[in-house]
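# Commentary on secondary and tertiary structure
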Amino acid sequence: MRRRFPEWVNTEVVVKAIKMREEGKLSKQLNLWIENLLEIDKK
């Protein structure tokens, strides 16, 4: 199965997702997406 990634990412949305992740308010699915997108260690 081919992985789908956006060709571009809205910076405002990513920044908001990072803040929500740090606060522990991000859903599991979105948390996995942001970790994968930014290649960051799992929290």
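In short, a report on the structure. (Residues numbered from 1 in each chain as written. Predicted model: local features only at pLDDT ≥ 70, side-chain atom pairs only at ≥ 80, totals over all residues. Heavy atoms only, no water.)

### Comments concerning the pattern of salt bridges
- Inspection of the entire model under this criterion finds two salt bridges.
- Between R21 and E35 there is a salt bridge, with its nearest N and O atoms 3.1 Å apart. Highlighted residues: R21 in helix α1 (residues 11-23) and E35 in helix α2 (residues 28-38), separated in sequence by 14 residues.
- Judged by its relative accessible area of 13%, R21 falls in the buried class.
- Overall, the relative accessible area of 5% leaves E35 in the buried class.
- Of the charged contacts, one joins K25 and E23 as a salt bridge, the two residues approaching to 3.4 Å between their closest N and O atoms. (Salt bridge = Lys/Arg side-chain N within 4 Å of Asp/Glu carboxyl O. Helix = DSSP H or I, 4+ residues; strand = E, 2+ residues; numbered from the N terminus. Buried < 20%, exposed > 50% of the residue type's maximum accessible area, 1.4 Å probe, protein only.)

### Concerning α1
- Look at α1: 18 Å from first C-alpha to last across 13 residues, which is about the 18 Å you get at 1.5 Å a residue.
- Listing the buried residues of α1 in full gives V14, A17 and R21. Angularly, the buried residues of α1 cover 60 degrees about the axis, an arc narrow enough to put them on a single face. Exposed and oriented more than 90 degrees from the buried face of α1 are T11, E12, K16, E22 and E23.
- The inward-facing, buried residues of α1 abut α2.
- For α1, the capping residue at the N-terminal end is N10, with a side-chain oxygen 3.0 Å from the backbone nitrogen of E12.
- Downstream of α1 by one or two residues, G24 has phi in the positive range, about 75 degrees. (Expected span 1.5 Å × (residues − 1). Arc of directions from axis to C-beta. Contact = heavy atoms within 4.5 Å. Polar contact = N/O pair within 3.5 Å; in protein donor to acceptor, adjacent residues only side chain to side chain.)

### Focus: a nonpolar patch on the surface
- On the surface, V9, L30 and W33 cluster together to form a nonpolar patch covering roughly 240 Å² of accessible area.
- Checked against the element boundaries, W33 lands in helix α2.
- Relative accessible area serves as the criterion here: at 32%, W33 is assigned to the partly exposed category. (Patch = residues over 30% accessible without salt bridge, like charges linked within 9 Å, V, L, I, M, F, W, Y side chains within 5 Å. Areas by Shrake-Rupley, 256 points an atom, 1.4 Å probe, with all protein chains shown as cover.)

Function cannot be read off these values alone, since they describe shape.
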